[in-house]
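# Commentary on secondary and tertiary structure
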Amino acid sequence: MTDDVTQIPIDAGSIDAPLLQIDAVVKRFGGFTAVDGPSLEIRRGEFFALLGPSGCGKTTLLRMLAGFETPDAGRILLNGRDIAGVPPHQRPVNMMFQNYALFPHLSVRDNIAFGLKRASLPRAEIASRVAEMVALVKLEGMERRKPDQLSGGQRQRVALARALARRPQLLLLDEPLAALDKKLRENTQSELMRLQRQLGMTFIIVTHDQEEAMMMADRIGVMESGRLEQVATPRQLYEAPKSRWVAEFVGGVNIIEGDVESRDGGRMIIATHDAGQVTAAAPAQPLTKDRVCIAIRPEKVRLSRRAPAPDADHRAAINRLEGIVTGVSYLGGQTDYQVRLDGGAVLRASVANTARLDVDAYHVTQRVVAWFASDDCVVLEP
Amino acid sequence: MKLSRFNLVTLILGLVFLYLPIVILVIYSFNASRLVTVWGGWSLRWYSEFFRDDAMLAAAAMSLRVAAVSATAATLLGTLAAVALTRGENFRGRTLFSGMLYAPLVMPEVITGLSLLLLFVAVNAERGFWTVTIAHTTLTMCFVAVVVQSRLGSMDRSLEEAAMDLGCNPLRAFIAVTLPLILPAVAAGWMLAFTLSLDDLVIASFTTGPGSTTLPIRIYSEVRLGVKPEINAICTLIIGLITLVIIAASLASKLSSRQGESAAPL
């Protein structure tokens, strides 16, 4: 068996060409369509996250990249070459499994060396690469241990080292941090980012945790029912979601439904069903219908005891909606308020606790003005 | 954890129920008396009698050979069947195959034996060592398959995928990862097949021919003429052999799990 594990040299001309092209890939299981034709390009050296709820097809898509599933339609190109017929063991792609899939009968060293031995590298080369990997994931002194003698975090690092040892062109990570507790997860996230920069490798991570995706990835693809809803940088995804579904899936959001009343250049006035009139920035793409919904992130909703004075310099129009506080959740860094507007809608507002003393706090039943700028509203089709 | 009094009593009663007859048999095998039920003092007389009984020794050797060969063949076939059923693509009729593999477990041995006899007669096979061995292989491979299948079923499939991801073709992934992990089940299957073959009377008597008598057949025909204390001695030896095999197997599996680094085939 000749498989080439040593990196295919990257010729300078192709450096801007995408490493991976996914072209309308479809995968069906019986009558169920798990992956429904997403197309995607991933650049060399990119940290890409596939984000979505469980059952959205993100793991199936990843398994097709690894070669464990064959697409029913569409193409997957790696370095411009269709890899549909290439079996997993001949792809320059490695995967880190969700449950790590460490070989229980092998020591840490043999787990890491497993892929190198398959590549029939010389003994000395294997030894030096294993040592390099062990140092990279900081597991010195653990080489002779068996997986069941390691903690969850250590196992995770062995799995990572094993997947990296073959120096794949593309590393696939299937929910790599799901089994770790919160503190360890945060450390591991920055560790993964450091490794990815240091090795200059392309990572594709699958996760259902949007904070994890936003923290680590350069770009995020949000999947739902086998389709890619949006591919964007974390900032674009959060501030300019393309659909109501994305807005609701990524972060907290207030959704107000209404009908477009009038348009005026860059602004539109929307008569909402339960929050009165709201002025919002017009979306870049023209709307097909008059029925719309407005998405406002909770931290963009501000509260005050009385209506703020109109600010002549402010480019954006300010929406002022009156209501009473119906719920207060103190979360340390911020306080989340629920405000029932006089129109009946309930808005959530996150207020950063910038002062230690609660001089700015509101209490339940207090009358407040909730206000937000028209630019902070995203108008979406309902 | 300390056992409650009730649990202790039930445990002791259960063990007594299981082992008292065997203990009595072992004790009486050292009986000096010619009468099975009368105690005549300690003696190794019946053991030496057995070792001078050529017909009995030949039957024992026959049984061991049949058991070893059929257990090995059954382990090979049963493991392959288990792998095909749990790991293969979801082929047509898989459920049917699975059910058919289990059926011989509950099939009355008389039917298995008779059907095999008819087959051997039909193909005009000379009955003897090989027909008994084949018959035992067909019976015991189902047991092996069941044991191995349950181990494979509980094994994480992603281990094999990880091996393939790291450069193994499916066959190498099986040898390097799956096989070492199911080896205890395979060994257990072999021992189960071995002991099943060793004590089988019904199928062996259907499929054997002149000159290839197995130990159970020999013992059974002797007992029909009256129980000789020599039988007790033979049974004690068989019990000892089986105990040794089981202890060796459990030691081996413990050892292999402890020093997996060198034991791992790479």
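Per chain, the residues get numbers from 1 upward, laid out in the order the sequence is written. Whichever chain is written first is A, and whichever ligand is written first is 1; the rest continue in order. Side-chain atom pairs in this predicted model are given and counted only at pLDDT of 80 or more, local residue features only at pLDDT of at least 70, and totals for whole chains, interfaces and linings cover all residues.

Here we come to the environment of Val351 of chain A. Residues and elements named next belong to chain A. Mapped onto the secondary structure, Val351 falls in strand β19 (residues 346-352). With C-beta atoms placed from the backbone, a residue is labelled by how many other C-beta atoms lie within 10 Å of its own: buried for 20 or more, exposed for 12 or fewer, partly exposed between the two. A count of 18 C-beta atoms within 10 Å places Val351 in the partly exposed class. In the structure, Val351 is positioned 231 residues away from Ser120 in sequence and 59 Å away in space, judged by C-alpha atoms. For helices the rule is a DSSP run of H or I covering at least 4 residues; for strands it is a run of E covering at least 2, with both sets numbered from the N terminus onward.

This paragraph deals with the environment of Val260 of chain A. Residue and element names in this part refer to chain A. Tracing the sequence through the fold places Val260 in strand β12 (residues 254-264). Separated by 27 residues in the primary sequence, Val260 and Leu287 have C-alpha atoms spaced 9.8 Å apart. Remark: residues whose backbone-derived C-beta atoms lie within 7 Å of one another are considered to be in contact. Setting aside anything within four residues of it in sequence, one finds Val260 in contact with Met268, Ile270, Asp290 and Val292.

Residue and element names in this part refer to chain B. Only the contacting stretch of a helix is used when fitting its axis, a line to C-alpha atoms as for every element, and angles between N-to-C directions run 0 to 180 degrees. For the pair helix α3 (residues 54-87) and helix α8 (residues 170-199), interaxial distance at closest approach is 8 Å and the crossing angle is 140°. One finds that α3 runs oblique with respect to α8. Crossing angle aside, the handedness with which α3 passes α8 is right-handed. Side by side, α3 and α8 meet where Ser63, Val66, Ala67, Ala68, Ser70, Ala71, Ala74, Thr75, Gly78 and Thr79 of the first sit next to Val186, Gly189, Trp190, Ala193, Phe194, Ser197 and Leu198 of the second. By the definition adopted for this analysis, an angle is roughly parallel if under 35 degrees, roughly antiparallel if over 145, roughly perpendicular if from 65 to 115, and oblique otherwise. The crossing is said to be left-handed when, going from far helix to near helix, the turn is anticlockwise and less than a right angle, and right-handed when the turn is clockwise.

Here we come to the sheet that holds strand β21 (residues 378-380) of chain A. Residues and elements named next belong to chain A. The five strands lie next to each other as β14-β13-β12-β15-β21, forming an open sheet whose pairing is antiparallel. Each edge of the open sheet carries a strand with a single partner, namely β14 (277-281) and β21. The average angle at which neighbouring strand axes cross in this sheet is 45°, direction not considered. Alignment of strand β15 (residues 291-296) against β21, held across three bridges, turns out to be antiparallel. Considered in β21, the bridge of Ile294 is made with Val379. By the convention used here, strands pair only if DSSP detects at least 2 bridges between them.

Residue and element names in this part refer to chain B. A large share of helix α7 (residues 157-165) lies buried, amounting to seven of its nine residues. Among all positions of α7, only Leu159, Glu160, Glu161, Ala162, Ala163, Met164 and Asp165 are buried. Just downstream of α7, Gly167 is the residue with a positive phi angle, here 110°.

Structurally, the α-helix is built with 3.6 residues per turn, so residues lying three or four positions apart point the same way. Over its 30 residues, α8 of chain B runs only 38 Å from end to end, short of the ideal 44 Å by more than 12%, given 1.5 Å per residue. A bend of about 55° at Leu183 of chain B is the largest found in α8 of chain B, and the proline Pro184 of chain B appears one to four places after it. One fewer than the residue count of a helix, multiplied by 1.5 Å, yields its expected span. Bend, at a single residue, is the angle you get between axes fitted to the 7 residues ending at that residue and the 7 residues starting at it.

In this section: the interface of chain A and chain B. The interface of chain A with chain B comprises 25 residues on the first partner and 18 residues on the second. Among the elements that line the side of chain A that touches chain B, the one with the most residues is helix α2 (residues 108-118) of chain A, at five residues. For the side of chain A that touches chain B, the per-class residue count stands at 13 nonpolar, six polar and six charged. Throughout, the ten residues Ala, Val, Leu, Ile, Met, Phe, Trp, Tyr, Cys and Pro are labelled nonpolar, Asp, Glu, Lys and Arg are labelled charged, and all others, Gly among them, are labelled polar.

All names here are of chain A. In space, the five strands of this open sheet follow the order β16-β20-β17-β18-β19, with antiparallel pairing throughout. Since the sheet does not close on itself, it has two edges, and those belong to β16 (302-304) and β19, each with one partner. Here the average twist between neighbouring strands, direction ignored, is 45°. As paired elements, strand β17 (residues 318-330) and strand β20 (residues 367-373) share seven bridges and run antiparallel to each other. Its bridge partner lying in β20, Asn319 is registered against Phe372.

Accessible area lost when the parts come together is the quantity often used to give the size of an interface. For each domain, the first and last residues come from an automatic or database assignment. Domain annotation of chain A identifies domain 1 (12-92 + 168-239) and domain 2 (252-380). Distance from the C-alpha centre of domain 1 of chain A to the C-alpha centre of domain 2 of chain A: 35 Å.

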